[in-house]
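Spelled out from the first residue to the last, the chains are:
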Amino acid sequence: MLLSAANSSAATPANGGLSGYVNMPSASVEADGTFSLGYSYDSPYGTGWMTATLLPFVQVAGSYVSITGTPGFSTIPGQYGEAYGRYKDKVVDLKVRLWPESRYLPSVAVGGTDLLGTGLFKGQFVVASKTFGEAKNFEASIGYGHKRPDGVFAGARWTPLGAPSWSVVAEYDGNDYSKDFRAASTSAGKRDSGPVLGLEYRWGWLGAQVARHRDHFSANLFATIPLSEREFIPKVLEPGYYQPKTAPQRHTSAEWHSNPQLAAPMIAALVQQDFKNVRVELDGSTLKLMLTNSRITDMGRAVGRASRVALAFAPVGTSTLQISYTKLEQPIATYEFIDLPTLSNYLTGQASREKLTQTVLVRYARADDKVDTDHSAIVAGLDDSAGMAVHVNRDGDAVQLSSQDREDNRFKLAPKAGFFFNDPSGALRYELAAAANYNKRLGNGLYLNSALKWTVFENISGVTQPSNSVLPHVRTDIAEYKRGGRFKINKLMLNQYLSPGERVYLRLSGGLYEEMYGGIGGQALYLPNDARWAADLSVDALQQRGYKGGFDTRDYRTVTALGAFHYRLPYEMTVTARAGRFLAKDQGVRLEWKRRFRSGIEIGAWYTKTNGNDITSPGSATKPYNDKGIFMTIPLRSMLPMDSQANAGFSLAPWTRDVGQMVTSPGDLYDMVEGPRRDLHSYDGLGNMGERPDEQNLPAVAQPDVRLPNAWPLFRARLEQSGAATPPVADWVKGVGLAGGAVLASALLDKPVDNFVVKHQDGRAMRSYANFGKIMPYTLLGMAGLAVALGDDRMQNTGIIALQSVAGALGVTTVGKYAFGRARPEDDLGRWAQVGEGQSRSNAAFPSAHSAIAFAAVTPFAKEYASPWLYGVAAVGAMGRTANRKHWTSDVVAGGLVGYAMGSWLWQGQREQPGSHLTVAPGPKQISVAWQGVY
């Protein structure tokens, strides 16, 4: 895919990864879903970087910067750190485009450099960019930065129309290199800001840049990968769907009922199409199938292939075909085809998609969908085709020895590699091993899972510096495990999967979970009819394993319990919140975010906040470290010449941490159902079912991007709608009277609650609750903001009401603080004392702004979606403000009433008028814009 001249001039990675020129950023971001990685050298900095456009207006870059001439740790022979080499630092940069370029206005972006970590290259900037010429082949930018860049900077790029692969770049470098880390001892101290001139070349996904600075050259090599492409390699080796050379013999329904073995040829044909756990039953005139596919990723496409086989072998007189798709024998989705001639015509290209959708029901699987037959009797005598064979380039392995039968019993032996970065004893640590996996079905949903590993080469055991973590060493002793032995049992356990009801799944596990832990535990998952969210709970009683990798153990035991709430947003984004007890017995929350692109590649990040005090650098006693990182998951089907369900992935995070850690799941239920559930709710749920050329442009297959609407015009309409809904004076008086009574009654608890807090304020639980109370209101506010930016019409409308409620509640609480001026409990001045001299009344206690924010944010959602439990979330979070003596109980109650009243009023005034909204609908050669308003 060659980049156009316009694209080339508009967005090209700079030396750090963000779109720009040489070292200076522009306001442009590369196309949505673009992923780039490269290496640049600009003395004294060598930078390996990668960047991704996570949303059409958000670009994130991560880099690993080494500084020539500066040792990272000790240079004394024999001391820990001598092998690390030059100084290296991890850097994360972010750029957000505020608005795109228009006919007269430039695009404008803001950004920050080195947002996480040591902050050696920390800075902020704002930049404006404009393209010129009919072909938009010249771009100019000007911006201003704080710290890095330092002051005014500028840049320009020109792409000749006659040579669209080449570009000339120029910039005024605004960095003050003399202020860089250890600049006096490196060449950075000799560098000045000023003009830079460079030349670029782009060829397909590859690019290169060479630039001349005042006294040296710099170079930048990179590859750009469009994650929005469905696949990068054509599926030239993909097996075709079932097409018998001669029509199979079809029997009557009576013959099928009297002789179940007549279903064996159908099962054999399905197994040849990579279907596993196949179950067949004839229920009256309905042919029922339960199965899964071990290779095909798209559930609709798998069901399409199964339906072709079923139509060829179905008994004469069959009127309905029912196919239930399973994972680990647990039914997930059911497809009911009630018009088999229409189904046949669609698969042969003679019927339209619209006609097919009128004859098929796609839904969650139910208990009565289960196929209960004597499967062993049916398949008696069938060739299992489970012979061992050597395969090259299968599932991403260069070579593997493997076998797999119709019941999905699997054996695989393949080489594995692992890499670890940034330990003081050596910047790169690695492990090369031979890994063997054996999975055996023992019964309905009961599996034996095992994994053995023989380490061939590794240098991780060379890490000799002991951990200074004051937490239980749940992960930091990794070098001890690598020194323990070359041959290890990484996994040996039993997993029982169950589905006791529709959209309810259970897992019971016992054995050796992973290299470091074994135990017993389980997980429960609930999927509502609403496709946006799901919830699960995992509990595991764990024993730390010994270093040798056999059945030896250590003394450490713990119980982890984590509840998870998963929510799907537009742009194929998923947010997961986990809360509970982690491996080191620390308690807290973990937030995860990921986006899935059209290619299936996922990019995400996580952040964990617990009460565990991790003082390991860059953490300290006053500012403990919180576990965080980024990850990328790559489905190998996008890079293989045939479809595959195998994935590869990596993460960037400190690998010797104890805080916020989780045990490796024996078989996560949400991961099991996430893909099929996504396919089930994607448009009509049929996907690429017929594998027809005309399906490639259908929304169910192409999945075009959904553009975010402009939410700002909605605010004015909402305020106008609310004005007519003000309650009569009598209702106001009643409401104020009830609220006043509630506040006075809660004041009786002020002193008892504060006495309890004082008594336990040094406890870990009380400190954790205080932190929770501080963060929760802002988390709820952020969720309301996400609803505005990313939700559907109903959720967007409710989110706007919530944000308005928060703004109104903050105004009321600010007035209350100035009017009452009540001192906080931590001031120890008494319950009814005024704030002390020199203190602003804006910092007064009554009423609580945090409580007002929490209730104002949740009330519109609680009323709109009939979810009163949201008030409980707000109340628990708000009461956390008493745990650090920032508020009295009556302050919290008063703030909550303010937030509830504001949210109720605004929601009531707008709930029957969804208000104005802007709709933008892109077409093949046009864009239609519609404005709907209610006034």
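As the structure is a computational prediction, the values presented were derived from the model and not from experiment.

(A) The environment of alanine 823, seen in detail. Looking at where alanine 823 falls in the secondary structure, it is placed in the loop between helix H15 (793–820) and helix H16 (849–864). Residue classification places alanine 823 among the buried positions, given a relative accessible area of 0%. With 20 residues separating them in the primary sequence, alanine 823 and asparagine 843 have C-alpha atoms 8.6 Å apart. Leave out the neighbours within four places in its chain, and alanine 823 touches Leu829, Ala833, Gln834, Val835, Ala845 and Trp888.

(B) Looking closely at the sheet that holds strand S13 (residues 275–283). Spatially, S13-S14-S15-S16-S17 is the arrangement adopted by the five strands of the open sheet, whose pairing is mixed. Bordering the open sheet on either side are S13 and strand S17 (360–364), each of which pairs with just one other strand. Put simply, the sheet's adjacent strands are angled 15 degrees from each other on average, direction ignored. As judged from the six bridges shared by strand S14 (residues 286–293) and strand S15 (residues 320–327), these two strands associate in the parallel manner.

(C) Region of interest: the packing of aromatic side chains. The full count for this structure, using the stated rule, is 16 aromatic pairs. Seen in terms of ring centroids, tyrosine 481 and tyrosine 547 are 5.0 Å apart; in terms of plane orientation they differ by 85 degrees. Their pairing is edge-to-face. Taken together, the residues span a long stretch of sequence, with tyrosine 481 in helix H8 (residues 478–483) and tyrosine 547 in the loop between strand S26 (533–545) and strand S27 (553–569) at a distance of 66 residues. Aromatic pair phenylalanine 565 and tyrosine 567: ring centres 6.4 Å apart, planes at 15 degrees, arrangement stacked. Classification of tyrosine 567 by relative accessible area gives buried; the value is 12%. An aromatic cluster is present here, built from Tyr526, Trp533, Phe565 and Tyr567 joined pairwise through their rings. Over the ring of phenylalanine 217 we find arginine 212; its NZ or CZ atom is 4.7 Å from the centre of that ring. The ring of tyrosine 346 carries the charged tip of arginine 692 above its face, separated from the ring centre by 4.2 Å.

(D) Quick peek at the pairing of S27. Relative to S27, S26 runs antiparallel, the two being bridged by twelve bridges. Looking at the pairing, tryptophan 533 lines up with tyrosine 567 of S27. Across nine bridges, the pairing between S27 and strand S28 (residues 573–581) is antiparallel. Bridging from a neighbouring strand, arginine 568 pairs with threonine 574 of S28. Counting the residues between successive antiparallel strands, the hairpin from S27 to S28 contains three residues, one of them, tyrosine 571, with a positive phi of roughly 60 degrees.

(E) Highlighting the pattern of salt bridges. In this structure the tally under the stated criterion is 46 salt bridges. One salt bridge in this structure joins aspartate 180 and arginine 148, with 2.8 Å as the shortest N-O distance. With aspartate 180 in the loop between strand S9 (166–173) and strand S10 (194–203) and arginine 148 in the loop between strand S7 (138–146) and strand S8 (151–158), this pair connects stretches of sequence that are 32 residues apart. Since its relative accessible area comes to 15%, arginine 148 is described here as buried. Two residues, arginine 590 and aspartate 627, come together in a salt bridge whose shortest N-O distance is 4.0 Å. Remark: aspartate 627 occurs in the loop between strand S30 (602–610) and strand S31 (628–635) and arginine 590 occurs in strand S29 (residues 587–596); sequence separation between them is 37 residues. Across the pair, exposure class does not vary: arginine 590 and aspartate 627 are buried alike. Among the ionic contacts, a cluster of salt bridges with common partners joins Glu238, Asp274, Arg295, Arg301, Arg305, Asp643 and Glu691.

How each quantity is defined
- Residues numbered from 1 in each chain as written.
- Predicted model: local features only at pLDDT ≥ 70, side-chain atom pairs only at ≥ 80, totals over all residues.
- Heavy atoms only, no water.
- Helix = DSSP H or I, 4+ residues; strand = E, 2+ residues; numbered from the N terminus.
- Buried < 20%, exposed > 50% of the residue type's maximum accessible area, 1.4 Å probe, protein only.
- Contact = heavy atoms within 4.5 Å.
- Pairing = 2+ DSSP bridges.
- Axes fitted to C-alpha atoms, helices over the stretch in contact; angles between N-to-C directions.
- Phe/Tyr/Trp six-rings, centres within 6.5 Å; stacked < 30°, edge-to-face > 60°.
- Lys NZ or Arg CZ within 6 Å of the ring centre and 35° of its normal.
- Salt bridge = Lys/Arg side-chain N within 4 Å of Asp/Glu carboxyl O.

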